[in-house]
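Residue-level listing of the chains:
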Amino acid sequence: MTVDLDSAVVAKGAVAPPAPLPVLTANDLQVYYGDFQAVRNVHLAIPRNEIVAMIGPSGCGKSTVLRCFNRMNELIDGCRVTGHVCYHGVDLYDPRVDAVEVRRRIGMVFQKPNPFPKSVYENVVFGPRIAGVARAEFDGIVESSLRKAALWDEVKDRLKASALGLSGGQQQRLCIARAIASNPDVLLMDEPCSALDPIATGRIEDLMHELKADYTIVIVTHNMQQAARVSDRTAFFTVEVSSDSDRRTGVLVEYDDTEKIFSNPSDSRTENYVTGRFG
Amino acid sequence: MAMTDLPLATGVLSIGDLAGNRRRRGRERRVRRFFVAAALTSLVISALIVGSLAVEAGRFVLSVDLSALWTTGWFPREGFFDVKTLITATLIVTAVAMLVAGPIGFATAVYLSEYAGARTRRLLKPVLETLAGVPSVVLGFFALTWISPHIVQWIEPAAPLSNLASAGLGVAILTIPLVASVSEDAMSSVPRSLREAASGLGARRMTTSLRVVVPAAVSGLVAAAILATSRAIGETMVVLIAGGADQAQFTASPFQPSLTMTAAMASLAGGSDAVVGQGNAYQSLFFVGLMLFLITFGLNVAANRIVRRVRQKY
Ligand SMILES: Nc1ncnc2c1ncn2[C@@H]1O[C@H](COP(=O)(O)OP(=O)(O)OP(=O)(O)O)[C@@H](O)[C@H]1O
Ligand SMILES: [Mg+2]
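Bear in mind that the values here come from a model prediction, so they are computed numbers and not experimental data. (Residues numbered from 1 in each chain as written. Chains lettered and ligands numbered in written order. Predicted model: local features only at pLDDT ≥ 70, side-chain atom pairs only at ≥ 80, totals over all residues. Heavy atoms only, no water.)

### Looking at the overall build of chain B
Then comes step 1: Of the regular secondary structure elements, chain B holds 13 helices and two strands.
Then comes step 2: By the compact-globule yardstick of 20 Å for 314 residues, chain B is too spread out, its C-alpha radius of gyration being 27 Å.
Then comes step 3: Taken along its principal axes, the extent of the C-alpha atoms in chain B is 95 × 65 × 35 Å.
Then comes step 4: Taking all contacts inside chain B whose residues are at least 6 apart in sequence as the whole, residues at least 24 apart take part in 73%.
Then comes step 5: Approximately 17,500 Å² of chain B is accessible, and the part contributed by carbon and sulfur atoms is 65%. (Helix = DSSP H or I, 4+ residues; strand = E, 2+ residues; numbered from the N terminus. Rg over C-alpha atoms; globule rule 2.2 N^0.38 Å. Contact = heavy atoms within 4.5 Å. Areas by Shrake-Rupley, 256 points an atom, 1.4 Å probe, with all protein chains shown as cover.)

### Quick look at the pattern of salt bridges
A side chain of one charge can pair with a side chain of the opposite charge if their charged atoms are brought near each other.
Then comes step 1: What the rule picks out here adds up to 24 salt bridges over all chains.
Then comes step 2: Of the charged contacts, one joins Asp 232 of chain A and Lys 212 of chain A as a salt bridge, the two residues approaching to 3.2 Å between their closest N and O atoms. Highlighted residues: Asp 232 of chain A in the loop between helix 8 (224-230) and strand 9 (233-241) and Lys 212 of chain A in the loop between helix 7 (198-211) and strand 8 (216-220), separated in sequence by 20 residues.
Then comes step 3: The exposure class of Asp 232 of chain A is partly exposed, given its relative accessible area of 26%.
Then comes step 4: Of the residues examined, Lys 212 of chain A reaches a relative accessible area of 22% and is grouped as partly exposed.
Then comes step 5: For Lys 125 of chain B, the salt bridge goes to Glu 184 of chain B, with nearest N and O atoms at 2.8 Å. Note that Lys 125 of chain B is positioned in helix 4 (residues 118-133) and Glu 184 of chain B in helix 6 (residues 164-188), a separation of 59 residues in sequence.
Then comes step 6: Here the residues in one salt-bridge network are Arg 40, Glu 240, Asp 267 and Arg 269 of chain A, joined through shared partners. (Salt bridge = Lys/Arg side-chain N within 4 Å of Asp/Glu carboxyl O. Buried < 20%, exposed > 50% of the residue type's maximum accessible area, 1.4 Å probe, protein only.)

### So, empty space enclosed by the protein
Then comes step 1: All chains considered together, the criterion is met by two cavities of 30 Å³ or more.
Then comes step 2: There is about 50 Å³ of room inside the largest cavity.
Then comes step 3: Together, Met 108, Val 109, Phe 110, Asn 114, Cys 175, Arg 178 and Ala 179 of chain A together with Ala 197, Gly 200 and Leu 201 of chain B line the largest cavity.
Then comes step 4: Mapped onto the lining of the largest cavity, the elements with two or more residues apiece are strand 6 (106-109) and helix 6 (168-181) of chain A together with helix 7 (192-200) of chain B.
Then comes step 5: Here the lining of the largest cavity gets three residues from one element, more than from any other, and that element is helix 6 of chain A.
Then comes step 6: For the lining of the largest cavity, the per-class residue count stands at seven nonpolar, two polar and one charged.
Then comes step 7: In this structure, the second largest cavity encloses a volume near 40 Å³.
Then comes step 8: Lining the second largest cavity are Thr 90, Val 93, Ala 232, Ile 233, Glu 235, Val 239, Thr 260, Met 261 and Thr 262 of chain B.
Then comes step 9: For the lining of the second largest cavity, the secondary-structure elements that each account for two or more residues are helix 3 (83-115), helix 9 (218-234) and helix 11 (261-270) of chain B. (1 Å grid on protein atoms, 1.4 Å probe; cavity = no way out; pocket = protein on both sides within 12 Å on 5 of 7 lines; lining within 4 Å. Points joined across faces, edges and corners; volume = space filled by probe spheres on them. Nonpolar A, V, L, I, M, F, W, Y, C, P; charged D, E, K, R; others polar.)

### Considering the environment of Val 124 of chain A
Residues and elements named next belong to chain A.
Then comes step 1: Along the chain, Val 124 turns up in helix 3 (residues 120-130).
Then comes step 2: Val 124 sits 55 residues away from Ala 179 along the chain, and the two C-alpha atoms are 7.9 Å apart.
Then comes step 3: In contact with Val 124, not counting residues within four places along its chain, are Ile 141, Val 142, Ser 145, Leu 146, Leu 174, Ala 177, Arg 178 and Ala 181.

### A closer look at the packing of aromatic side chains
The geometry of an aromatic ring pair is captured by the separation of the ring centres together with the interplanar angle, meaning the angle of the planes.
Then comes step 1: Under the definition given, this model contains nine aromatic pairs over all chains.
Then comes step 2: Pairing Phe 142 of chain B with Trp 146 of chain B gives two aromatic rings, centres 5.6 Å apart and planes at 5 degrees, and the pair type is stacked. Highlighted residues: Phe 142 of chain B and Trp 146 of chain B, both in helix 5 (residues 136-155), separated by four residues, approximately one helical turn.
Then comes step 3: Judged by relative accessible area, Phe 142 of chain B falls into the partly exposed class, the value being 34%.
Then comes step 4: According to the relative accessible area criterion, Trp 146 of chain B is partly exposed, its value standing at 40%.
Then comes step 5: On the numbers, 5.4 Å between centres and 70 degrees between planes, the contact of Tyr 282 of chain B with Phe 286 of chain B is edge-to-face. Highlighted residues: Tyr 282 of chain B and Phe 286 of chain B, both in helix 13 (residues 281-312), separated by four residues, approximately one helical turn.
Then comes step 6: Taking relative accessible area as the criterion, Phe 286 of chain B reaches 18% and is therefore assigned buried.
Then comes step 7: Through pairs of rings, three or more aromatic residues link up here, namely Phe 60, Trp 74, Phe 81 and Phe 287 of chain B.
Then comes step 8: Over the ring of Tyr 121 of chain A we find Lys 160 of chain A, and its NZ or CZ is 3.9 Å from the ring centre.
Then comes step 9: Between the NZ or CZ atom of Lys 84 of chain B and the centre of the ring of Phe 250 of chain B, over which it lies, the distance is 5.1 Å. (Phe/Tyr/Trp six-rings, centres within 6.5 Å; stacked < 30°, edge-to-face > 60°. Lys NZ or Arg CZ within 6 Å of the ring centre and 35° of its normal.)

### Regarding unusual backbone geometry
All names here are of chain A.
Then comes step 1: A positive phi is found at His 88, a non-glycine position, where the angle reads about 50 degrees.
Then comes step 2: With phi around 55 degrees, Asn 183 is a residue other than glycine that occupies positive phi space.
Then comes step 3: In this structure, Asn 183 sits in the loop between helix 6 and strand 7 (186-190).
Then comes step 4: When its relative accessible area of 60% is taken as the criterion, Asn 183 is described as exposed.

### Details of the site of ligand 1
Residues and elements named next belong to chain A.
Then comes step 1: The environment of ligand 1 is made up of 13 residues, and the closest members are Ser 58, Lys 62, Ser 63, Thr 64 and His 222.
Then comes step 2: Tyr 33 places a side-chain nitrogen or oxygen 3.5 Å from a nitrogen atom of ligand 1.
Then comes step 3: A distance of 3.0 Å separates an oxygen atom of ligand 1 from a polar atom in the backbone of Gly 61.
Then comes step 4: For ligand 1, the protein covers 64% of the area, taking 630 Å² as the surface of the free molecule.
Then comes step 5: Elements with a minimum of two residues in the shell around ligand 1: strand 2 (36-47) and helix 1 (62-68).
Then comes step 6: Among the elements that line the shell around ligand 1, the one with the most residues is helix 1, at three residues.
Then comes step 7: Of the residues belonging to the shell around ligand 1, the class tally is five nonpolar, six polar and two charged. (Near = heavy atom within 4 Å. Polar contact = N/O pair within 3.5 Å; in protein donor to acceptor, adjacent residues only side chain to side chain.)

### Description of the state of the cysteines
Residue and element names in this part refer to chain A.
Then comes step 1: Taken as a whole and judged by the stated rule, the model has zero disulfides over all chains.
Then comes step 2: Here Cys 193 stays unpaired: no disulfide links it, and the sulfur of Cys 175, its closest cysteine neighbor, is 12 Å away.
Then comes step 3: On the basis of relative accessible area, Cys 193 is assigned to the buried category, the value being 8%. (Disulfide = S-S within 2.5 Å.)

### Side note on the nonpolar core
Residues and elements named next belong to chain B.
Then comes step 1: Ranked by internal contacts, the top residues of the largest apolar core, which has 55 residues, are Leu 69, Trp 74, Phe 81, Leu 86, Val 171, Leu 259 and Phe 287.
Then comes step 2: At the level of elements, helix 2 (22-63), helix 3, helix 5, helix 6, helix 9, helix 10 (237-242), helix 11 and helix 13 are the ones that each hand at least two residues to this core.
Then comes step 3: Taken together, domain 1 (11-63) and domain 2 (66-310) each give at least three residues to this core, which thus spans both.
Then comes step 4: Once residues within four sequence positions are removed from consideration, Phe 81 is found in contact with Phe 60, Val 64, Ala 68, Leu 69, Trp 70, Thr 71, Gly 73, Trp 74, Pro 76, Asn 280, Ala 281 and Ser 284. (Core = buried A, V, L, I, M, F, W, Y, C linked by side-chain atoms within 4.5 Å. Domains from an automatic or database assignment.)

Just distances and angles here, no functional claims.
As structure tokens, then:
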């Protein structure tokens, strides 16, 4: 499916399918850490039930942009966001919006597995518990979330054991199960496989394909093959170094169908990066 | 291939080549001995203290009429050594102190570690440290002249100026900084990634603090509570001044004056010339000292046990 969401680009050809309303859009997004501008002028639209990959060299602001989507940046002292991030048409940075409500709908999986030092079971029900879900539903939520995260068979006999006793890959899948258990609408994943071996990585990629039916996923990855394998669309970011002040700012270079980004990108910088000729 | 088939290395080196510098090795040995001695010093001192306490305390228990240990008050010069008077008073003061200092210190720690921005923290921590630095004599007088009339006598108008509750509140002020700073250290060292995990799941700051940070920091928090309790039990000056050290009658009321173990020792030691040779008064000092030591020691052992048990749960 080729749906062009970028309003600046007019779809050529006769019958383009109608563009679905995007779940998330970033408009003229700028992010500052203190005086330092980390990211400039990002325009991005994330369509429903798709997987969007964000790639680019280290320090180009992928994590920073990702964290704007559920207002996690607020936890960082001195971080400031301008522009608009809209979620189903609501500006997330409107002062009336409660970040807590946002994060219950837009879940996050972090680069390093970060299970709570509690039992496997308690980890999974953390979200439902604080959201006031009835206890009677917990057992069902635990099983279905762990099944979706392809972890159930490995941990079903030790749900009461500490999550810290799991392997790194299992911990990461537990974190995914924990995020799913809150029944979010969007899942943000920041390099979720960077600490995993190829088998665990493959499992998580399969998992993402399955989750696509119910969720919208944004994934940051350094693994080009992974982006090509799992995503429908890819956003390529890079760092621009200003000639006079040596300031390094992240910019969005190109955002398009994954196939196009990897086979026929319109920007030479994208081409250099995806073919490994990035200098 | 058998060992004997291996060619033996021929003698290119002599033992002298590998012996190193003799003087330097000797110095290394002496340095080592010095550090061992330093480490042993505190061990030896502790052993000496416990030994001397135990010997004199044993002498006391053997020579005193055991019924004198269960009377109506602590009057060593008259041969009344009511142990329960001292223990009850100590318990009351400690309980009042911990009931006040525990929640306040703990809440301060939660605020500093989870809510306050970097600037507020930089401003507040020195204030806490200043509070920790107030001499206990000063706090004793503050407890007697301000806390007692304004707080304790406001709650219980019939209370005399010297009373255990005022002493307990004075001790509370002394221990708040201790509770706060040890708990704050414990909570600050909980990894940031856990807080992010919780907020990412839509937890409010309060939920994150109480459900994630506090459980993860629990061993440090128990340590803070135990340390503060030990400190409260051992505090002397405040209870001596504000608790009514000259009233050694048994009481179970916090609004009455009485004598804690530490205050009993201090008032005995204050007149120790007079005490020597007066019956068993001198030895009773060691007896109380040993009790005090055993209580704090037991508390530390219990704390270690609790911490180990709670930690294993995770
Ligand atoms: N908490 C912070 N305080 C100050 N500067 C920050 C902070 N986090 C990120 N930055 C800066 O913002 C820029 C973008 O960082 P970001 O973490 O978003 O990059 P990234 O693309 O995710 O990199 P990587 O691929 O290495 O994870 C970098 O220059 C970084 O130094
Ligand atoms: Mg990153």
